[in-house]
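Reading the structure
Each chain is listed here by its residues.
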Amino acid sequence: TNSELIKALILSEQAKITPLKVGQLRQLEIANEWDFIEQDLRNPEFWLFLQDINSKYQNHIELIFGIVSGEINHEDPYYTFQYFNNRLKQEDDETVENIWAEIKKIYMQLKEWYTDREYYHLIGYLIINDYTIKELLSKSSQLDKSDFKMFLKNEILEGININEIESYTYFSDRSELKNILILFNIISIIRSENPSLRFNFGQFKKQSWDIEHIHSVSSEIPEKRNHQIDWLREVSNYSKDKKLKKEIEAFLKIKGERDFDSIFEKIVRTYSENNNLSDVNDISNLALLDAGTNRGYKNAVSPIKRATIIEKELNGQFIPLCTRNVFLKYYSSSVEQMTFWGKADRENYLKKLKDTLSKYLIPVKQ
């Protein structure tokens, strides 16, 4: 690999140092520092903060060499090695010590970003939105820390309409809508008083994510027969309404064509505020949910979604903080009922979402 060739190049240069023992000692020091950086970058949380799950690097330290060389899918598979080899040959004042100091400086900068909670979340968000580490490092070198954080926040603001959060709906641009919900999670964690709380970018990158209705809407009626049956059985297993359970069981026993729409509507009404069936597609009824939980037949009533999310989190699956908070009604001023996601719940959720994003981001915009 490029990194193995570069390592051999660097260590062989140290062998030329006289006296011999001094060169051997420096070889050992660099080899130990190299191994430390490589092992640290193999920490899955650190690595997946910087890279996606399909990273091409066998040796993780090669990421840093690639940043310095500017290698991006270059046709020559050994472009990065050739870059450093040429630097040592062509530049009279270039030394291995200069190159190694440059590599360590970048590593220490990446490590600082990873360990600082605010940097970690702001930079992690920009990386999942296709910002490169190289361009962020370049900007960081031009600014002091406070100005760099301001730059990060302003870059985030460029991709969303922060002043009209309430205008986003289920039918809005999917990327923008998803980013709003990701930011809600990230900024909630930044503002949390729990210093150990961090957004798990690694787990986030390993899963596919959907925008899900918190409260069921009639437009998401299960279409496939097997999904309809699964949906009804799940409601029956959850429901404590004996009359409703009997109706479901009777419906499941009918052979041939069955009017699923009417029983579907009746169930959704049962778990709706004031028995009122209405589609709510604005952001106050939306949350981020992994595609595996947001199953193909969709539209489980909200108590079942809540129970599913709790079970998955208990089993160790990554559930975004704010998604969990929504289904546990942490943002609601009153939790007298947990059966449906009503108007008051939506208003409280929207207010919290707007306040969280605007109080953190808007004062920065210039």
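Anything mentioned here points back to the structure above.
Keep in mind that what you see is a predicted model, and the values were worked out from it rather than measured. (Residues numbered from 1 in each chain as written. Predicted model: local features only at pLDDT ≥ 70, side-chain atom pairs only at ≥ 80, totals over all residues. Heavy atoms only, no water.)

It is worth spelling out empty space enclosed by the protein at this point. Throughout the structure, instances matching the rule amount to four cavities of 30 Å³ or more. Estimated volume of the second largest cavity: approximately 50 Å³. Secondary structure elements with two or more residues in the lining of the second largest cavity: helix 15 (302-314) and helix 16 (321-327). Here the residues of the lining of the second largest cavity sort into six nonpolar, one polar and two charged. (1 Å grid on protein atoms, 1.4 Å probe; cavity = no way out; pocket = protein on both sides within 12 Å on 5 of 7 lines; lining within 4 Å. Points joined across faces, edges and corners; volume = space filled by probe spheres on them. Helix = DSSP H or I, 4+ residues; strand = E, 2+ residues; numbered from the N terminus. Nonpolar A, V, L, I, M, F, W, Y, C, P; charged D, E, K, R; others polar.)

Turning next to the packing of helix 6 (residues 96-115) against helix 7 (residues 117-128). Helix-helix packing is described using two parameters, namely the angle between the two axes and the distance between the axes. Taken N-terminus to C-terminus, the directions of helix 6 and helix 7 make an angle of 100 degrees; their axes are 5 Å apart at the nearest point. One element, helix 6, and the other, helix 7, form an angle in the roughly perpendicular class. Residues Glu112, Trp113, Tyr114 and Thr115 of helix 6 touch helix 7, and the partners they reach there are Arg117, Tyr119, Tyr120 and Ile123. Considering only residue class, the contact of helix 6 with helix 7 consists of five nonpolar, one polar and two charged. (Axes fitted to C-alpha atoms, helices over the stretch in contact; angles between N-to-C directions. Parallel < 35°, antiparallel > 145°, perpendicular 65-115°, else oblique. Contact = heavy atoms within 4.5 Å.)

Time to look at the nonpolar core. In terms of nonpolar packing, the biggest core is built from 86 residues, with Trp113 and Tyr349 touching the most fellow members. With 10 residues, the single largest contributor to this core is helix 10 (residues 174-190). Sequence-distant contacts of Trp113, defined by excluding residues within four places in its chain, comprise Phe49, Tyr119, Tyr120, Ile123, Ile133, Leu136, Leu137, Ser140 and Phe148. Leu244, Phe251, Phe260 and Val268 belong to the second-largest nonpolar core, a separate cluster that totals 16 residues. (Core = buried A, V, L, I, M, F, W, Y, C linked by side-chain atoms within 4.5 Å. Buried < 20%, exposed > 50% of the residue type's maximum accessible area, 1.4 Å probe, protein only.)

Following the criterion strictly, the structure yields 18 salt bridges and no others. Among the ionic pairs, Lys149 bridges to Glu118, the shortest N-O distance being 3.1 Å. Linking Lys149 in helix 9 (residues 145-157) with Glu118 in helix 7, this pair joins segments that are 31 residues apart in sequence. Linking Asp345 and Lys329 is a salt bridge whose minimum nitrogen-to-oxygen distance equals 2.9 Å. Residue Asp345 is found in helix 17 (residues 343-361), and its partner Lys329 is found in the loop between helix 16 and helix 17; the two are separated by 16 residues along the sequence. In this structure Asp345 comes out as buried when scored by relative accessible area, which is 4%. Note on Lys329: relative accessible area 5%, which makes it buried. What you see here is one network of salt bridges that share partners, running through Asp116, Glu118, Lys149 and Lys153. (Salt bridge = Lys/Arg side-chain N within 4 Å of Asp/Glu carboxyl O.)

Considering the arrangement of structural elements, one finds Arg87 in helix 5 (residues 79-90). Accessibility expressed as a relative area gives 11% for Arg87, which makes it buried. A distance of 3.1 Å separates the side chain of Arg87 from the side chain of Glu102, its partner in a polar contact. The residues contacting Arg87, other than those within four sequence positions of it, are Val68, Glu94, Ile99 and Glu102. (Polar contact = N/O pair within 3.5 Å; in protein donor to acceptor, adjacent residues only side chain to side chain.)

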